[in-house]
Amino acid sequence: MADSDIRTQTFGTLLTAMVTPFTKDGEVDYEAAGQLAAKLVDDGCDGLVVTGTTGETSTLTDEENLGMFKAVLEAVGGRAKVIAGTGTNDTRHSISLSRRAAELGVDGLLIVTPYYNKPSQTGVQAHFEAIASATELPVMLYDIPGRSGIPIATETILRLAEHPNIQGLKDAKADFASITRVLAKSDLAVYSGDDGLTLPWMAAGALGVVSVTAHVVTKQFRALVDAALAGDFATARKIHFELDPVIRGIMTRVQGAVATKQVLTWQGILPTSTVRLPLVEPNDAELALIRADLAEAGMDFA
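Predicted model, so just to flag it, every value in this text is computed and none were measured.

## Overview of the nonpolar core
One broad trend across soluble globular proteins is that nonpolar side chains are buried collectively. Core analysis: the biggest nonpolar cluster contains 81 residues, and L48, V106 and F221 have the highest contact counts within it. Among the elements that make up this core, the one with the highest residue count is helix α2 (residues 30-42) (7 residues). Of all hydrophobic cores here, the second largest spans 15 residues; its members include A17, V49, V112 and M140.

## What about the pattern of salt bridges?
Inspection of the entire model under this criterion finds 14 salt bridges. The residue D43 makes a salt bridge to K39 at a minimum N-O spacing of 2.8 Å. With a relative accessible area of 18%, D43 lands in the buried category. Judged by relative accessible area, K39 falls into the partly exposed class, the value being 33%. In this structure, R253 engages D293 in a salt bridge whose closest nitrogen and oxygen atoms are separated by 2.8 Å.

## Brief notes about the environment of G26
Here G26 shows up in the loop between β1 (14-17) and α2. As a C-alpha pair, G26 and Y142 span 116 residues in sequence and 27 Å in three-dimensional space. Once residues lying within four places of it in the same chain are set aside, the contact partners of G26 are T274 and R276.

## Side note on the sheet that holds strand β6 (residues 166-171)
In spatial order, the strands read β1-β2-β3-β4-β5-β6-β7-β8; together these 8 strands close into a barrel with parallel pairing. Averaged over all pairs of adjacent strands, the angle between strand axes in this sheet comes to 25°, irrespective of strand direction. Taken together, the 2 bridges between strand β7 (residues 189-192) and strand β8 (residues 208-211) define a ladder with parallel strand orientation. Along β8, the bridge assignment pairs S192 with V209.

## Points about the side chain of T88
Within the element layout of this structure, T88 appears in the loop between β3 (81-85) and α4 (91-104). In this structure T88 comes out as buried when scored by relative accessible area, which is 10%. Only 3.0 Å separates the side chain of T88 from the backbone oxygen of D90, close enough to count as a polar contact. Once residues within four sequence positions are removed from consideration, T88 is found in contact with H93, S94, P114, Y115 and H127.

## Brief notes about the environment of Q255
Structurally, Q255 is set in the loop between α11 (233-251) and α12 (256-266). Beyond its immediate sequence surroundings of up to four residues, Q255 is in contact with T53, R147, I250 and L279. Here A257 takes part through its backbone nitrogen, which lies 2.6 Å from a polar atom of the side chain of Q255.

## Observations regarding the UniProt feature "active site" (unreviewed entry) in the protein chain
On the UniProt side, "active site" (unreviewed entry) is annotated at positions that read Y142 and K170 here. In three dimensions, the annotated residues from a span of 29 residues occupy one location, with a maximal C-alpha spread of 4.8 Å. Mapped onto the elements of the fold, Y142 is located in strand β5 (residues 139-143). A polar contact is formed between the side chain of Y142 and the side chain of T53, at a distance of 3.3 Å. Within the fold, K170 resides in strand β6. In this structure, K170 is in contact with L110, M140, L141, Y142, D143, Y191, G193 and V210, ignoring residues within four places of it in sequence. Only 3.4 Å separates the side chain of K170 from the side chain of Y142, close enough to count as a polar contact.

So, how was this worked out
- Residues numbered from 1 in each chain as written.
- Predicted model: local features only at pLDDT ≥ 70, side-chain atom pairs only at ≥ 80, totals over all residues.
- Heavy atoms only, no water.
- Core = buried A, V, L, I, M, F, W, Y, C linked by side-chain atoms within 4.5 Å.
- Buried < 20%, exposed > 50% of the residue type's maximum accessible area, 1.4 Å probe, protein only.
- Helix = DSSP H or I, 4+ residues; strand = E, 2+ residues; numbered from the N terminus.
- Salt bridge = Lys/Arg side-chain N within 4 Å of Asp/Glu carboxyl O.
- Contact = heavy atoms within 4.5 Å.
- Pairing = 2+ DSSP bridges.
- Axes fitted to C-alpha atoms, helices over the stretch in contact; angles between N-to-C directions.
- Polar contact = N/O pair within 3.5 Å; in protein donor to acceptor, adjacent residues only side chain to side chain.
- UniProt positions renumbered as here; feature names shortened; annotations may be inferred.

Below is the structure:
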């Protein structure tokens, strides 16, 4: 295995998959994005994923994506790794956006499995390799079959790990047997892509988490990741249990970006909870469930 210190320096250990703030009329609020990025880093994030799934990238234009990269770089560049979500289901489009992101100075790329097209694993491999070869930036694969429609097969991941620029994996497949093989047989920096699986994935050797819930409980996730990296699993387990109702409230009641923006407005961190269609803001029943979950964790927004 590669030296863990080198691998953690590539992407970080606690990465928040940032929301993209919008004004009330649905325009990207770059000022709010910079302020959010700064707060997340101040509170313990050493990496930020910008315009990934939680950043509503599928409803952003290329210019809005690039604007977000620039705003976050201006806010925290040099203090945390800025990882640009530039993957789409169009390889040529992904290459173009990745190159433009590289020109802005991002630290790495998050590339999702090509969705909707349902390519073969040979096509999946070719897609990732083409994008990874288009810049000198380190690439984090994003395996999320629940959204992409197909997994990245374990054997494909291991082949992709041989590409010098493919250095990380955000795993949102919830397949412990697969991730065990990847950890045992590759040098990839592995990150949990499911907030609730951070502890078991790190116990097996993952370096950290790309988290949505960390928006609202950044310091607690920092403590969990640090404890796990130090091998203090008694402390990590305690924090894991404390975070469970927060993760439930953010990740299971409505789509993660929707819940996160709502809670961030309750916390006074974002000025609006606006999302873009087809996402919609929570209804009263959903808000009640989120409030109850957070109240279980001692966060009262009644």
